[in-house]
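# Observations on the model geometry
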Amino acid sequence: MNPVYISTSPILKLSELLEGLNFSSLFVLTDENTHQHCYPLIQKALPKEHHLFTFPAGESHKNLETCASIWSEMTEAGLDRKALCLNIGGGVLGDMGGFCASIYKRGIRFINMPTTLLSQVDASVGGKLGIDFEGLKNHLGVFNEPEFVLISPDFLKTLPENELRSGFAEIIKHGLIKDHTYFEMLNFEDWKKNDWEYLIEHSVAIKKAVVQEDPKEAGLRKILNFGHTIGHALETHFLDGPNHLLHGEAIAAGMICEAWLSVQKTGLSQEDLSQIQEKLLKVYGKIQISKDDFGAALDLCLQDKKNEGKEILFSLLENIGTCTYNIPVSRKEIEAALTYYCTI
Ligand SMILES: NC(=O)c1ccc[n+]([C@@H]2O[C@H](COP(=O)([O-])OP(=O)(O)OC[C@H]3O[C@@H](n4cnc5c(N)ncnc54)[C@H](O)[C@@H]3O)[C@@H](O)[C@H]2O)c1
Ligand SMILES: O=C(O)C(=O)C[C@@H](O)[C@H](O)[C@H](O)COP(=O)(O)O
Ligand SMILES: [Zn+2]
C-alpha cells in the first residue's frame, strides 16, 4: 500500500511530496464546498500553473454524468499520461476522482487529500474507487492506489456537524470489527468531544492492516463492510427523497440491524447487542423506516458486492472486536432484522 501521511502542516508536507513526483501538469479536483473551504488552505503548495475543476457536492453527483464532465475537462486541459490529479474532498470526491484518473488514458497518477472525517478515517485509504450507477452504490469502480494520501485534521474545522457525525460511524465500525478496547474508549455520551486526531491515526492503522492482508476483498477485507449490506440498501433507497441519509447515518442503522443478525447467526451476545444499539442510538437516533420500504431495501441487498450467485453474504460480529464474513442470510432474516430495527 502507498503511504498515508497525517500532517498538521499540509502546505509544507504537500510541497515536499509534490517535489518528489515528476509530473507534466497538475489537475486539481474540488467540489463546491472544498473549493471554498479547503483549496485555499493548500493553494500555496501548488505550482502556479495548475488546472482546477469544481463539481457540485453530494452523493447524488457521484455518477457517470459527473465523470463525463471530469473526463471532458481533463481532455480540454490537454492532460497527458504524466499528468497528476489531486483530489481535495470527501469520500464522494475521492472515490470518483480516483476512478476518473484511473480510467483517463488508461490511468494517470492521483493523490488523495481527504477533507471529511469519513474520508480521513476510511474512504481515502485502501484503493476502493468508484461511482453509483442505476441506483446502486459503488456499482462501477476499480481498485487502484493513490501515489499517497495526505491527511490534515485542520480541514475538519469547517466541516458541518452532521458530516462529522457521519464519519464517526466508520470509526465505531473499526472498533466493532477489530478492536474491543478502541470501541470501549469512544465517547458516545458527548460524541463531539472525541479526540479526532487520535481516532484518525488509530482508524487508519486498523484499515491499513486489513487492506494490506487482502487488498482486493477476496476474504478478510469483507469485515470492513460490516453494517454496509443493509446500510447501503437504506442509503440508496432514501437517496433522492426527503429522508435522505448521509453514508455514516445509513451505516449506523445498518450496524444495528446487522448486530441483531449477528446474535441470530454468529453468536454475538444479547448484552453486546444491547450495548451496541444503545450507544449507536444515543449518537444517531432512529431513522424512519416503515414496512413499505422493506421490499426495495431487500432487492438492493441482492446487488451487494460480497454476494455469490443468489446467496446474500454478510459480514457479522462474533463479539465486539471480532468479525467474520461470508455468512449466508435469507431475505426472511433480513426482513426480520429490519422489523427488529423498527420496533426498538
Ligand atoms: N472508498 C472507500 O473505501 C469508502 C469508504 C467509506 C465511504 N466511502 C464513500 O464515501 C462517500 C461519503 O464520503 P463523505 O462522507 O466524505 O461525503 P462527501 O464527500 O459528500 O462530503 C460530505 C460533504 O462535506 C463537504 N465537505 C467536505 N470537506 C469539507 C470541509 N473540510 N469543510 C466543509 N465542507 C466539506 C462536501 O462538499 C460534502 O457536501 C460515500 O459515497 C461512500 O460510499 C468510500
Ligand atoms: O474499504 C472497504 O473495503 C470498505 O468496505 C469500507 C466501507 O466503509 C466503504 O463504504 C466502501 O466504499 C464500501 O464498499 P462496497 O464494496 O460495499 O461498495
Ligand atoms: Zn462505509
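Bear in mind that the values here come from a model prediction, so they are computed numbers and not experimental data.

The helix and strand inventory of the protein stands at 14 helices and 10 strands. Relative to a compact globule of 344 residues, whose C-alpha radius of gyration would be 20 Å, the protein shows 20 Å and is just as compact. C-alpha atoms of the protein, sized along the principal axes, occupy 60 × 40 × 40 Å. A total of 344 residues make up the protein; the buried ones form 45% of that total. Taking the contacts inside the protein whose residues are at least 6 apart along the sequence as the reference set, 75% of them involve residues at least 24 apart.

Okay, the environment of Asp 154 next. The topology assignment puts Asp 154 in the loop between strand S8 (149–151) and helix H7 (161–178). Overall, Asp 154 belongs to the partly exposed group, with 15 C-beta atoms counted inside 10 Å. As a C-alpha pair, Asp 154 and Thr 115 span 39 residues in sequence and 8.6 Å in three-dimensional space. In this structure Asp 154 touches Thr 8, Pro 10 and Leu 41, once residues within four positions along its chain are discounted.

This paragraph deals with the pairing of strand S9 (residues 313–319). In this structure, S9 lies alongside strand S10 (residues 322–328), joined through five bridges in antiparallel fashion. Paired with Phe 314 across the bridge in S10 is Ile 327. Taking the residues between adjacent antiparallel strands as the criterion, S9 and S10 are bridged by two residues, where Gly 321 takes a positive phi near 110°.

Moving on, we come to the site of ligand 1. Near ligand 1, the surroundings consist of 31 residues, among which Asn 33, Gly 90, Gly 91, Thr 116 and Ala 123 are the closest. At the level of elements, helix H2 (32–37), helix H5 (91–103), helix H6 (117–123), strand S7 (136–143) and H7 are the ones that each hand at least two residues to the shell around ligand 1. Residue composition of the shell around ligand 1, by class: eight nonpolar, 15 polar and eight charged.

Here we take up the site of ligand 2. Ligand 2 sits among Asp 122, Gly 126, Lys 128, Lys 137, Asn 138, Glu 170, Glu 217, Arg 221, Leu 224, Asn 225, His 228 and Lys 305. By residue class, the composition of the shell around ligand 2 is one nonpolar, four polar and seven charged. Each of two domains, domain 1 (4–157) and domain 2 (160–343), supplies a minimum of three residues to the shell around ligand 2.

On to H7. Taking 1.5 Å per residue as the helical rise, H7 with its 18 residues ought to reach 26 Å, and the 26 Å between its terminal C-alpha atoms agrees with that figure. Most of H7 is tucked away, with 14 of its 18 residues classed as buried.

Their axes nearest at 7 Å, the elements H7 and helix H11 (residues 247–265) cross at an angle of 35°. Pair H7 / H11 crosses with left-handed handedness. Mapping the contact onto sequence places Arg 165, Ser 166, Gly 167, Phe 168, Ala 169, Glu 170, Lys 173 and Leu 176 in H7 and His 247, Gly 248, Glu 249, Ile 251, Ala 252 and Met 255 in H11. Among the residues making up the contact of H7 with H11, the classes are represented as six nonpolar, four polar and four charged.

Another aspect to go through is the UniProt feature "domain: 3-dehydroquinate synthase N-terminal" (unreviewed entry) in the protein. When the UniProt feature table is mapped onto this chain, "domain: 3-dehydroquinate synthase N-terminal" (unreviewed entry) is found at residues 53–165. Helix makes up 34% of residues 53–165 and strand 28%. Its end C-alpha atoms lie 28 Å apart.

Further remarks concern the domain arrangement of the protein. Along its sequence, the protein is carved into domain 1 (4–157) and domain 2 (160–343). Here domain 1 and domain 2 have C-alpha centroids that lie 26 Å from each other. Facing the 21 residues of domain 1 at the interface are 27 residues of domain 2. Counting residues per element, the side of domain 1 that touches domain 2 draws most heavily on H6, at five residues. Of the residues contributing to the side of domain 1 that touches domain 2, the split by class is 11 nonpolar, seven polar and three charged.

This brings us to the environment of Leu 220. For Leu 220, the location among the structural elements is in the loop between helix H9 (196–213) and helix H10 (228–237). As a C-alpha pair, Leu 220 and Ile 320 span 100 residues in sequence and 17 Å in three-dimensional space. In this structure Leu 220 touches Val 210, Glu 213 and Asp 214, once residues within four positions along its chain are discounted.

With that out of the way, let us pick up the nonpolar core. One finds Leu 86, Leu 176 and Met 255 to be the most contacted residues of the largest nonpolar core, which totals 93 residues. Considering each element in turn, this core owes the most residues, 10 residues, to H11. When residues of this core are sorted by domain, at least three fall in each of domain 1 (4–157) and domain 2 (160–343).

Turning our eyes to something else, we now look at the environment of Val 329. Among the structural elements, Val 329 can be located in the loop between S10 and helix H14 (331–343). Once the C-alpha coordinates of Val 329 and Asn 319 are considered, the two residues, 10 residues apart in sequence, prove to be 18 Å apart. If we ignore the near neighbours within four places in the chain, the residues touching Val 329 are Leu 261, Lys 265, Ile 312, Phe 314 and Ile 334.

Attention now moves to the UniProt feature "domain: 3-dehydroquinate synthase C-terminal" (unreviewed entry) in the protein. Here, UniProt's "domain: 3-dehydroquinate synthase C-terminal" (unreviewed entry) annotation points to residues 167–307. As annotated, residues 167–307 comprises 65% helix and 0% strand, and the C-alpha atoms at either end are separated by 26 Å.

Parameters and conventions
Residues numbered from 1 in each chain as written. Chains lettered and ligands numbered in written order. Predicted model: local features only at pLDDT ≥ 70, side-chain atom pairs only at ≥ 80, totals over all residues. Helix = DSSP H or I, 4+ residues; strand = E, 2+ residues; numbered from the N terminus. Rg over C-alpha atoms; globule rule 2.2 N^0.38 Å. Buried ≥ 20, exposed ≤ 12 C-beta atoms within 10 Å, placed from the backbone. Contact = placed C-beta atoms within 7 Å. Pairing = 2+ DSSP bridges. Near = placed C-beta within 6 Å. Nonpolar A, V, L, I, M, F, W, Y, C, P; charged D, E, K, R; others polar. Domains from an automatic or database assignment. Expected span 1.5 Å × (residues − 1). Axes fitted to C-alpha atoms, helices over the stretch in contact; angles between N-to-C directions. Left-handed = near helix turned anticlockwise from the far one by under 90°. UniProt positions renumbered as here; feature names shortened; annotations may be inferred. Core = buried A, V, L, I, M, F, W, Y, C linked by C-beta atoms within 7 Å.

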